[in-house]
Protein chains: 4
Amino acid sequence: MITTLPKPTNRKPDTAIYERRESVVRSYARSMPRQFNKAENVWMHDNQGGRYLDFLSGCSTLNYGHNHPVLKQALLDYVMADGIAHGLDLHTDAKADFLNALENVILKPRGLDYRAMFTGPTGTNAVEAAIKLARKVTGREMVIAFTNGFHGMTLGALACTGNAAKRGGAGVPLNHVAHEPFDGYHGPDVDTAELLERRLSDPSSGLDAPAAILVETVQGEGGLNVASPEWLRRINAIAKQHGALMIVDDIQAGCGRTGNFFSFEGMGFTPDIVTMAKSLSGMGLPFALTLVRPELDQWAPGEHNGTFRGNNHAFVTATAALRHFWSDRQFQQDVARRSALLERRLDAMAAEHGLSTRGRGMMRGIDVGSGEIASIVTASCFERGLIIETSGAHDEIVKVLAPLIIDDALLSAGLDILETSIREAMTVPYGVAAE
Amino acid sequence: MITTLPKPTNRKPDTAIYERRESVVRSYARSMPRQFNKAENVWMHDNQGGRYLDFLSGCSTLNYGHNHPVLKQALLDYVMADGIAHGLDLHTDAKADFLNALENVILKPRGLDYRAMFTGPTGTNAVEAAIKLARKVTGREMVIAFTNGFHGMTLGALACTGNAAKRGGAGVPLNHVAHEPFDGYHGPDVDTAELLERRLSDPSSGLDAPAAILVETVQGEGGLNVASPEWLRRINAIAKQHGALMIVDDIQAGCGRTGNFFSFEGMGFTPDIVTMAKSLSGMGLPFALTLVRPELDQWAPGEHNGTFRGNNHAFVTATAALRHFWSDRQFQQDVARRSALLERRLDAMAAEHGLSTRGRGMMRGIDVGSGEIASIVTASCFERGLIIETSGAHDEIVKVLAPLIIDDALLSAGLDILETSIREAMTVPYGVAAE
Amino acid sequence: MITTLPKPTNRKPDTAIYERRESVVRSYARSMPRQFNKAENVWMHDNQGGRYLDFLSGCSTLNYGHNHPVLKQALLDYVMADGIAHGLDLHTDAKADFLNALENVILKPRGLDYRAMFTGPTGTNAVEAAIKLARKVTGREMVIAFTNGFHGMTLGALACTGNAAKRGGAGVPLNHVAHEPFDGYHGPDVDTAELLERRLSDPSSGLDAPAAILVETVQGEGGLNVASPEWLRRINAIAKQHGALMIVDDIQAGCGRTGNFFSFEGMGFTPDIVTMAKSLSGMGLPFALTLVRPELDQWAPGEHNGTFRGNNHAFVTATAALRHFWSDRQFQQDVARRSALLERRLDAMAAEHGLSTRGRGMMRGIDVGSGEIASIVTASCFERGLIIETSGAHDEIVKVLAPLIIDDALLSAGLDILETSIREAMTVPYGVAAE
Amino acid sequence: MITTLPKPTNRKPDTAIYERRESVVRSYARSMPRQFNKAENVWMHDNQGGRYLDFLSGCSTLNYGHNHPVLKQALLDYVMADGIAHGLDLHTDAKADFLNALENVILKPRGLDYRAMFTGPTGTNAVEAAIKLARKVTGREMVIAFTNGFHGMTLGALACTGNAAKRGGAGVPLNHVAHEPFDGYHGPDVDTAELLERRLSDPSSGLDAPAAILVETVQGEGGLNVASPEWLRRINAIAKQHGALMIVDDIQAGCGRTGNFFSFEGMGFTPDIVTMAKSLSGMGLPFALTLVRPELDQWAPGEHNGTFRGNNHAFVTATAALRHFWSDRQFQQDVARRSALLERRLDAMAAEHGLSTRGRGMMRGIDVGSGEIASIVTASCFERGLIIETSGAHDEIVKVLAPLIIDDALLSAGLDILETSIREAMTVPYGVAAE
């Protein structure tokens, strides 16, 4: 089956310009040393004729694949007609269309009532807006986030992020946030919601009354840890009881990645605030928003603003994406089928090597035991034409974030490569594999 | 002359969808109640056939006007060819092109040596990256910013911002930043650089040793206050002497707004770090970068990252903009001529009413004495078809941020409207004008 | 037996001067509305001839009772001889004597090697010094404290304190401290040391690497919660493993209250830093010190100072107390016997009403179920001539802090009063009792 | 005249016990290597028969000299009668006496209306209480303190302290405080109150609305800088206008040091809060209080507490001191005369060497140009039997803090020694003097 994939190139590009002029902070380019020039559907092409199956999808930013023809055409039409590219937060046709699509395609069918706040077009900005608003509405300062949570790199969001290396980059102490154990963090015998409830109910616990509880339903960067519906409902109830807002950060898990548009659908609770970004524009254009229950929308005009809030190109592609993929059940059914395939295949790989799997929907991975082994696996996949990355506290989870629109056969082909690469890494003596 | 401008519409659009679904945080849409649908060159069009001359330019994000044909064509070509839209921080042709243009068109001719860090595509993210890096490199925590400075709305950048209403939105105390008086803040007789030097040299002043001094050469949001070259050189020398990095936030003043590509050109000092955003993409697409002297580029890979760092569409338009406008001196000469015209006209208006002007290059305004009068002026301009806004601590500065590519006659026509509107606001009894 | 206690007065004193001139922040005076004028041994006398058995002992500040004749005489002799009363941190005979006694009577026999830092004479100052030093030595900022911990009211120590009402008084967020669950906090089935170890070992837990772990072996204000030796050893090992210092706050539990001079004696670990205050001077004079392992004594001269560091009167009484009580085993044997008596009696009271007891040594209490019942009990005791107070998150623990030198018969007599008062409070209908 | 002073000893004491058992944080003992054993009036005696005239007075803690007979007898009587030594914050005769004396001797004659809050008996604790209360009352977080201010070493007070070495000891960033330039800080031509007013009136200055302005009228540790009455009135007016409380830290300058009981008397303004400590007990016993205008006394009971709040021994000596020294004008007249003498002599020394003087009342010094010269001067004084110390950002001010009760002839004798020592240090070649 692997033979169905094209042979990738193996010549590294000339990187002199990057060495000279791009900051050493760059990261993905190090493990995927190619220069890419175009992309469509599930494929990325390098400038030497190589082609790669993309199981990274811009970290779930390209759920509908690269340059989806419907979205691409909408954007081309808009640009050609001199549609507003940049309009601060002025009313535009593109924005009105997006809001109407959001209302009719997403919110109404789900019985949800939110207002959209267009923040600066990055996930971290959506999170900053969410916690600012929660602090304003409650008059409290402390936010509860969770172990292994990832919420962004600007100072407010970074304080909510668990990763020590990221946190260390702040250069100042990260305050006003307490990290509590996520669902299952202390093993199956410890109910971490119970731990949290105990401390919030105790006036001498030292845990200040929180403005918000900020949670990912599936921790994308943190290792594909999945919160159960029961635990999330309990967390939501705890938030309510203690006067805090519940914020679901759906930046990575939303937009269909876990099967539904929102990752918390059907779980029996409604977050107060939801942050969205990544796949929201559908085509990878910068776009973020913070959904807020109307009664919490207590901002003063311009109290949180930004030059690029309301990216009109992204409104256009996002509207096209909502209408194309979410107007009926077809897409969700396809995703459900692919999720099942993915789960089955990963379970088999795990069983073969005594490993464990993680995740939910099309957001799944396999714990190969260490970051070193994981990087051998991903490097080996890359040599075979498959782009795939890791997550987790030790980068020990090989993470499959295939485009949701992937053809089932191609999904299988990609998983064949992964299977082979894991088998190699797990069976070949370590010293050899590492060469 | 005013008759050369088209009559704008005066019917407000249907705003029901915004009331229902957009957060009340929106601001510009309140004072410009139209729904816009397309824009080219210096014009914005509403969906009822009205046309507006744009002296706001997305707060200096559209220095080259709306949908400039060269940039627009570059983007269309790229999208049609399935160019990479989203690639995290992977190497792409579009990025390589941009880096080459940056090097050859901008850095080399100016004798500058910087590396580009592509942050999340918002100015605030570029600022967050800059101060993170300064803290990392120096091992210090405190950043010195200035009165009336504006640097963004995420928590790290917001701490550097002076505006109390914006700061209040944080919901937590904003720490690790001291605001020192900007050039001229205490009047012509007090040398504020001297005040700063005195305190930094005094081990008992309570002002901790700073990681960085963060400054705008012209304070865009803060009231178009201009720092003199002497003062900036002195600040740079103070930074050096006290082991701090000098960061120029050129997000609003850069990209030609003050006449040169960087606002600090020809002033006899080189910042350690420069933040850029707004007009950098040329077409209003989200894009930001932090320029860093190579020896300060001490990041660990991925230590500051983000999903939309390196917006490839923006690489394409930015490259086209750099090549089209900055390869020879023509554009700068045009801007210089228009700046002179703008200065002359504003000086005349100020002289007529005993007011004062502010600013530098094509970033100038007139202090009409109060935010109330200023809002009367801008509303009156809008009724006459001119989009124009205010800045300053009390919104008392009417700010002209015309596109740099504006035809001289249109610039004059727009200024005619401004002149008329100011005259009305200053001479008509206040109570009447306010109706 | 109760008849052996004298009848207390029941007329409230004239409190006009307090109403006019003392801040409303006063607290104990509210529940014990008498004006006291002298005190000796276990007795406090009011200015109307009443006498009270003192089971509060200045919150364990008067372990040797009031005005113990040996200590009193030492102080009188010193003052009469014009001994130095105040000498900043100059060398004095009184200080040298104290240091010698500390070395010979306390440290050497226990195989301990500490240096004494004389901080400002309050427990909170000793804690501030301890955490400052830990932060300096480790270069880290975060301190781990525990649920229900109490460490003082100045900003650094208050951040380590768990009580929400106390914390709320700060008026600023309390940062750089994480409160982790104390031994047994989550019930017998959850090993809280294990929870802590898990999070400190996980680089994505969001719990930053700590400078110190700050712990009370018995939480005096927090409800007489007792940490087991196993748990404390484990915490000490965790601190070592993660490069943090272990600080035992022995301010309330030290000086014999739990049976030995230090509360951690015989537990198989040695803290890096120990804070002492309360009963250290022996006579209730303000005195505090921070004991530091010599290799951690990395202060610059005067880096932490204060006007009253090294209270010479307190040196004199403390030296007398160390020599009188700690030169042989008699005192400890007496305390052990009284502790057993106290335990037996409290257990019986608890058994009678289905309640539970807390504490260790002569630092024990009974959980009467609510702060309301506890205040009924203590008020009823006071009417019968017994001074006793509460602790715990809800003030639900009636706390016996009798002087350690109390005669066994008097201890029994006081406990008889407590027994009667509890019986009344538990059996009389609540509504009646509360009248 | 110098011959009237006894010859001090010059043998250093055995310091082995300090080396072994006292923290290296000790400071004064380093420059005055003697072991003292008794003290009376203006004299300190070492244990080898030497006698020293004390121009340090425990940094103004011993304004009435050592072991003043009236105070000493009051204490002896109290202790012999088994007066309460420690009573938490219970009502005691000693406390009532003190409050009555405070009311009748101090407050009423001055037309002042304050309540006394007995904090932990250290100045830093009084400051912590003051800023806590200001934050609570105003609901704001930021406190304005001044360059060269010194307010204590616990975290809240340390944040208000200017000295970099002290601040560095915190180990965490010191936040929520802005240090503004003190009166005269930027030379005679810059009105620093005007600078402050400008920034507080500007909503974009970045200076958040303050809870309090905390000021010393004379900066004791900061170099004896004197604020003018006009400046202080202006600061008080600024505080009022901007809704902040004015806190005068009178810990060092109060209790007669500047001539009156409070240093701000007769200046035409009344602080909202006053902090007192040092000489308040009169005999050097630990004691501190925070005076609060009644309408600001908004504490909850126990919201700020502490074991040693309300040191009863100190109540006794403080009451005796208030009654003895402040019941009539004699003491103030004596202090005024001695202040004039001190001023005259220091001016003469300054004139002789082209130096400048600092200070007010009996809190004066001479700027000898550098900390190195100052330490030569003080060492030389010490060899001649005079205890004297330095202050200022560079320890460049030789500071005279003689007991206020000093006989005029002895004051002159001490100043003779200072004169001689300065003359030597200023005229002898530096290299020689430094040997």
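Predicted model, so just to flag it, every value in this text is computed and none were measured.

Q: So what exactly am I meant to see when it comes to the overall build of chain A here?
A: Helix and strand counts for chain A stand at 15 helices and 18 strands. Taken over the C-alpha trace, chain A has a radius of gyration of 22 Å; the compact-globule value for 435 residues is 22 Å, and the two agree within 12%. For chain A, the proportion of its 435 residues judged to be buried stands at 69%. Taking all contacts inside chain A whose residues are at least 6 apart in sequence as the whole, residues at least 24 apart take part in 74%.

Q: What exactly am I supposed to notice about the pattern of salt bridges here?
A: A pair can form between side chains of opposite charge whenever their charged atoms are brought close. Going through the model one piece at a time under the given rule, you end up with 117 salt bridges over all chains. The salt bridge partner of Arg337 of chain B is Asp334 of chain B, with a shortest N-O separation of 3.1 Å. Within this pair, Arg337 of chain B and its partner Asp334 of chain B are both found in helix H12 (residues 330-353), separated by 3 residues, close to a single helical turn. For Arg337 of chain B, a relative accessible area of 40% puts it in the partly exposed group. Note on Asp334 of chain B: relative accessible area 15%, which makes it buried. Among the charged side chains, a network of salt bridges with common partners joins Arg345, Glu352, Asp416, Glu419 and Arg423 of chain A.

Q: Where do I start with the sheet that holds strand S14 (residues 356-360) of chain C in this structure?
A: Two orientations exist for strands paired in a sheet by backbone hydrogen bonds: parallel and antiparallel. Residue and element names in this part refer to chain C. Taken in spatial order, the 4 strands line up as S14-S15-S18-S17 in an open sheet, and their pairing is antiparallel. Either end of the sheet is taken by a strand with one partner, and the two such strands are S14 and strand S17 (389-391). In this sheet, adjacent strand axes meet at a mean angle of 35° when their direction is disregarded. Here S14 runs beside strand S15 (residues 363-367); their pairing, made up of 5 bridges, is antiparallel.

Q: I'm lost on the sheet that holds strand S4 (residues 91-92) of chain D in this one. Help?
A: Taking strand neighbours across the sheet as the criterion, the 5 strands line up as S16(C)-S3(C)-S2(C)-S1(C)-S4(D) in an open arrangement whose pairing is mixed. In this open sheet, the two edge strands, each paired with only one partner strand, are strand S16 (386-387) of chain C together with S4 of chain D. As paired strands, strand S1 (residues 35-40) of chain C and S4 of chain D are joined by 2 bridges and run parallel to one another. Its bridge partner lying in S4 of chain D, Phe36 of chain C is registered against Thr92 of chain D.

Q: Can you walk me through the relation of the copies chain B and chain A in this structure?
A: Mapping one chain copy onto the other needs a rotation about an axis and a shift along that axis. For the pair chain B and chain A, the superposition axis carries a translation of 0.0 Å, the fit reaches an RMSD of 0.0 Å, and the rotation angle comes to 180°. Here the transformation between the copies is reduced to the relation of a two-fold axis. Considering only C-alpha atoms, the part of chain B nearest the rotation axis is Leu155 of chain B, at 2.6 Å. Most of the interface of chain B is mirrored in chain A, where 100% of its interface residues again form contacts.

Q: Any chance you could explain helix H4 (residues 69-80) of chain D here in plain terms?
A: Working note: α-helix, 3.6 residues per turn, so residues spaced by three or four point in the same direction. Taking 1.5 Å per residue as the helical rise, H4 of chain D with its 12 residues ought to reach 16 Å, and the 16 Å between its terminal C-alpha atoms agrees with that figure. Listed as buried for H4 of chain D are Leu71, Lys72, Ala74, Leu75, Leu76, Tyr78 and Val79 of chain D. Structurally, H4 of chain D contributes buried residues whose contacts are with helix H4 (69-80) and helix H11 (312-326) of chain C together with helix H5 (93-107) and helix H11 (312-326) of chain D. Phi for Asp82 of chain D, located one or two positions after H4 of chain D, is positive at around 55°.

Q: Looking at this structure, I do not really get the domain arrangement of chain A. What am I missing?
A: In many reports, interface size means the accessible area that the parts give up when they come together. Residues and elements named next belong to chain A. Considered domain by domain, chain A is made up of domain 1 (16-67 + 329-405 + 413-427) and domain 2 (70-326). Computed over C-alpha atoms only, the centres of domain 1 and domain 2 are separated by 24 Å. Counting residues at the interface gives 31 residues for domain 1, matched by 32 residues for domain 2. Counting the surface lost from both domain 1 and domain 2, the interface buries some 2600 Å², and carbon and sulfur atoms represent 53% of this. Per-residue buried area on domain 1 facing domain 2 is highest for Tyr64, Arg360 and Met363; these three make up 33% of the total on that side. Residues Glu221 and Lys399 are paired through a salt bridge, measuring 3.4 Å at the closest nitrogen-oxygen approach. Counting across the interface, domain 1 meets domain 2 through 21 residue pairs in polar contact (both at pLDDT 80 or more). Secondary-structure elements contributing two or more residues to the side of domain 1 that touches domain 2 are helix H3 (57-60), helix H12 (330-353), strand S14 (356-360), strand S15 (363-367) and strand S18 (397-400). Looking at the side of domain 1 that touches domain 2, the element that brings in the most residues is H3, giving 4 residues. Tallied by class, residues from the side of domain 1 that touches domain 2 come to 14 nonpolar, 13 polar and 4 charged.

Q: Sorry if this is basic, but what is going on with the environment of Pro33 of chain D here?
A: All names here are of chain D. One can find Pro33 in the loop between helix H2 (28-31) and strand S1 (35-40). Residue classification places Pro33 among the buried residues on the basis of a relative accessible area of 15%. Residues Pro33 and Leu289, 256 residues apart in the sequence, show an inter-C-alpha distance of 33 Å. Apart from the residues lying within four places of it in its own chain, the contact partners of Pro33 are Lys12, Pro13 and Phe382.

Q: Please explain the nonpolar core as it appears in this structure.
A: The tendency in soluble globular proteins is for nonpolar side chains to be buried as a group. Counting 225 residues, the largest nonpolar core has Phe55 and Leu418 of chain A together with Phe55 and Leu418 of chain B as the members making the most contacts within it. With 222 residues, the next largest nonpolar core counts Ile106 of chain C together with Leu107, Phe182 and Phe382 of chain D among its residues.

Q: Before we go on, may I ask you to explain the interface of chain B and chain A in this structure?
A: If you look at the interface, chain B gives 105 residues, while chain A gives 105 residues. A buried area of about 9500 Å², summed over both sides, lies between chain B and chain A, and 60% of it is on carbon and sulfur atoms. Taken as a group, Arg21, His91 and Phe308 of chain B account for 10% of the area that chain B buries against chain A, more than any other trio of residues on that side. Across the chain B-chain A interface, the total number found is 10 salt bridges. With its nearest N and O atoms 2.9 Å apart, the salt bridge here joins Arg21 of chain A to Glu103 of chain B. For the interface between chain B and chain A, the tally reads 52 residue pairs in polar contact (both at pLDDT 80 or more). Broken down by element, the side of chain B that touches chain A gets its largest block of residues, 7 residues, from helix H5 (residues 93-107) of chain B.

Q: I'm lost on the side chain of Ser380 of chain D in this one. Help?
A: All names here are of chain D. Examined against the element boundaries, Ser380 turns out to sit in helix H13 (residues 371-383). There is a polar contact of 2.6 Å between the side chain of Ser380 and the side chain of Arg384. When residues no more than four places from it in sequence are discounted, the contact partners of Ser380 are Ser421 and Glu424.

Calculation notes
Residues numbered from 1 in each chain as written. Chains lettered and ligands numbered in written order. Predicted model: local features only at pLDDT ≥ 70, side-chain atom pairs only at ≥ 80, totals over all residues. Heavy atoms only, no water. Helix = DSSP H or I, 4+ residues; strand = E, 2+ residues; numbered from the N terminus. Rg over C-alpha atoms; globule rule 2.2 N^0.38 Å. Buried < 20%, exposed > 50% of the residue type's maximum accessible area, 1.4 Å probe, protein only. Contact = heavy atoms within 4.5 Å. Salt bridge = Lys/Arg side-chain N within 4 Å of Asp/Glu carboxyl O. Pairing = 2+ DSSP bridges. Axes fitted to C-alpha atoms, helices over the stretch in contact; angles between N-to-C directions. Least-squares fit on C-alpha atoms with pLDDT ≥ 70 in both. Expected span 1.5 Å × (residues − 1). Domains from an automatic or database assignment. Buried area = accessible area lost by both parts, 1.4 Å probe. Polar contact = N/O pair within 3.5 Å; in protein donor to acceptor, adjacent residues only side chain to side chain. Nonpolar A, V, L, I, M, F, W, Y, C, P; charged D, E, K, R; others polar. Core = buried A, V, L, I, M, F, W, Y, C linked by side-chain atoms within 4.5 Å.

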